[in-house]
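Remarks on the overall topology
Residues per chain are reported as follows:
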Amino acid sequence: MSKIFAQGLVCPLDKNNVDTDQIIPKQFLTSVSRDGFAQAMFYDWRYLADGSPNPEFVVNKPEYKGASILLTRANFGCGSSREHAPWAIKQYGFNVIIAESFADIFFNNSVNNAMLLIQLSKTNIDLLFNRCQQGPQQWQIDLASQEIMFGNNAAMGFNIDADIKQRLLSGLDFIGSSEQLNPQIADYEQSRKASQPWLG
Amino acid sequence: MAQTLYQKIYASHVVGKLNASTDLLFVDRHLIHEVTSPQAFSGLKLANRSVRRPDLTFATMDHNVSTQRRSLDAAGETSRKQLEALAANCAENRIPLLDLTHPDQGIVHVIGPEQGLTQPGMIIVCGDSHTSTHGAFGALAFGIGTSEVEHVLATQTLPQQQAKTLKVEINGKLSAHVTPKDVILAVIGKLGTAGGNGYVAEFSGSAIRAMSMEGRMTLCNMSIEMGAKAGLIAPDHITFDYIKGKAHAPKAEHWDAAVAYWQSLYSDADAVFDQIVEIDAAAITPQITWGTNPEQVMAVDQSVPAPESFSDATKRDAAERALAYMGLEPGQKLTDCKVDVVFIGSCTNSRIEDLRAAASMVQGKKVAAGVRALVVPGSGVVKRQAEDEGLAGIFTAAGFEWREPGCSMCLGMNDDRVEAGQRCASTSNRNFEGRQGRGARTHLVSPAMAAAAAIAGKFVNIAAKPQGEQA
Ligand code: SF4
């Protein structure tokens, strides 16, 4: 069975350790809404001091306009736990991020926003960056078969945690699926109160 | 079967299984603040859900508040709205809140322990990455995102998978002027900012046993900076003594039972860790970051490294970019480097021992001309104590600004920013590009190092010469 999770243009962001302060700087965190963060993504890199777009920054290059797959390096999303970071990335239009590694909290936050994060070896990430050097890339991501398909029958496999794959394929109901265990939660609360009354 | 401390805490919180490798864990304490909670509350409302355990939820205002004066208005319109949203959400859901009028208000990771909310064996979460701080008490504490905040509000649980375990064993005695901040910077320098990804790190060894609770908090606070999911230290009598008598500590009739339980919280002697790192405490010297992430760190008397000295190509590129951003040359000594701003504060280093260490460098001296220096205590409790002990007077007499509690210049969400191109000696935890203000150049150091830099107007190797001698 083939199930295309995403397809589209790839934007190569050739950096390690991209932290969430870079993905969305603090001045955008005073919002009380979940929306409106697309413009803020990579703000300090994306705009010059006068507010105009920085033509040197890869996301702004005309050939990457409309990209939906972000390719990057190691430890992407490190730093602050702000979920505004995946909100901004998703609202901009990326729903897949491919990297050598991700920071844990960022990874969870992204999955909770139905984004697919693909982790590959450094060698494979290098291969993908090499492909991007040949010109703008259009890839398809098949989540069921766990493959990145480059066209012309070329593909690269990836690993993904079975539970996360299941959640992404079935559509998320993050809180709802835990609420199925409400009776167990109530039992746990009771026994906790009995054995550790000081916890409340 | 032998278990690590992490595995013990994890196992005792399993409510049930969600999936093959995902467990639902019960959360003992949920700390919230104004920045990462508003969307969670609106999500709850939208889905007609309520807060399951307001009695296990505690809120403070910290990230966004002005530290100049205690007013919701003082840090701008959008900040005020966010602070008001928190107050309204807490009132509506009966969640206790330390707001700006409360004498104990402060940074969430300072007040949790101070109020006795943080206890061994608990699972503690907060929509903030430095929740790792609370691991100093032998609690499994980690940062979460806003969707997870909403999940915890609704269910008091969180889906989790078992993390790998890392033991960082630090033995030996720290030299004079070497602090827990230097220890954790040295550990991050060794392991790298991603070295802990996927792991929960337990710190152990004689250097840890000798550390005060405040030192242990500094250490665990920055375990997230090496990517670890959490930092952990097994509780001992230092932990119990710290907790005893705090507002939310177990009351007299439960105290002995609580301590008996806490004493079972350690990694079994034959527990197997996925990775072990050993560090000699005596070899650690005062540290300073030279780059734009915390692994770009060195001893203060070393020279700024040349990018070519890194064999790994990506580290080389990162060093090159960092030096350009920081306005530094390879081979340069930071002890020759002028500082413009000194910030003593943040959840890493704003507790009373931090302020004492800083004040000891300052007493009877003046902040160098042209340096802007501020001290932002971590909480109302710390502030009062520092004033009572005369530390505040030492700082203000020297020319430091003495502020109200909050996150302040750690991330500059309020009006405390470092200007573009300015160099800041900061006791906070992140030297990321733009963290303290666009174009700001942050050097992470200990409180004593920051205070010494304020007096000298440049970075100083405080371990090299007797205190008080002029450079
Ligand atoms: S002091 Fe800094 S790191 Fe700590 S909680 Fe506040 S903003 Fe975050």
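About the thresholds
- Residues numbered from 1 in each chain as written.
- Chains lettered and ligands numbered in written order.
- Predicted model: local features only at pLDDT ≥ 70, side-chain atom pairs only at ≥ 80, totals over all residues.
- Heavy atoms only, no water.
- Near = heavy atom within 4 Å.
- Nonpolar A, V, L, I, M, F, W, Y, C, P; charged D, E, K, R; others polar.
- Pairing = 2+ DSSP bridges.
- Helix = DSSP H or I, 4+ residues; strand = E, 2+ residues; numbered from the N terminus.
- Axes fitted to C-alpha atoms, helices over the stretch in contact; angles between N-to-C directions.
- Disulfide = S-S within 2.5 Å.
- Buried < 20%, exposed > 50% of the residue type's maximum accessible area, 1.4 Å probe, protein only.
- Contact = heavy atoms within 4.5 Å.
- Buried area = accessible area lost by both parts, 1.4 Å probe.
- Salt bridge = Lys/Arg side-chain N within 4 Å of Asp/Glu carboxyl O.
- Polar contact = N/O pair within 3.5 Å; in protein donor to acceptor, adjacent residues only side chain to side chain.

Around the ligand sit His63(B), Ile107(B), His109(B), Asp128(B), His130(B), Ser346(B), Cys347(B), Cys407(B), Cys410(B), Leu411(B), Asn429(B) and Arg435(B), and those are all the residues in its vicinity. For the shell around the ligand, a count of residues per class yields five nonpolar, five polar and two charged.

The subject of this paragraph is the sheet that holds strand E2 (residues 69–71) of chain A. Pairing between sheet strands relies on hydrogen bonds along the backbone, with the strands arranged either parallel or antiparallel. Residue and element names in this part refer to chain A. Within the open sheet, the seven strands sit side by side as E4-E3-E2-E1-E5-E6-E7. Their pairing is mixed. Of all the strands in the sheet, just strand E4 (116–119) and strand E7 (154–157) have a single pairing partner and so form its edges. Along the sheet, successive strands turn relative to each other by an average axial angle of 25°, direction set aside. As judged from the four bridges shared by strand E3 (residues 96–99) and E4, these two strands associate in the parallel manner. Bridge pairing links Ala99 to Gln119 in E4.

The next subject is the state of the cysteines. Counted under the stated rule, the structure contains zero disulfides over all chains. There is no disulfide at Cys78(A), and the cysteine sulfur nearest it, in Cys410(B), is 15 Å away. The buried category is assigned to Cys78(A), whose relative accessible area is 9%. Sulfur of Cys126(B): no disulfide; nearest cysteine sulfur belongs to Cys347(B) and is 9.8 Å away.

Moving on, we get to the interface of chain A and chain B. Across the contact, 60 residues belong to chain A and 75 residues belong to chain B. Summed over both partners, the interface of chain A with chain B buries about 5200 Å², with 51% contributed by carbon and sulfur atoms. Broken down residue by residue, the surface that chain A buries against chain B is led by Lys26(A), Tyr188(A) and Trp198(A), which jointly contribute 14%. The interface formed by chain A and chain B includes seven salt bridges. Linking Arg49(B) and Glu179(A) is a salt bridge whose minimum nitrogen-to-oxygen distance equals 2.8 Å. At the junction of chain A with chain B, the criterion picks out 36 residue pairs in polar contact (both at pLDDT 80 or more). Listing elements by their share of the side of chain A that touches chain B, those giving two or more residues are helix H1 (20–23), helix H2 (43–46), helix H3 (84–92), helix H4 (104–111), helix H7 (174–179) and helix H8 (182–195) of chain A. The biggest single contributor to the side of chain A that touches chain B is H8(A), with seven residues. Class assignment for the residues of the side of chain A that touches chain B results in 21 nonpolar, 23 polar and 16 charged.

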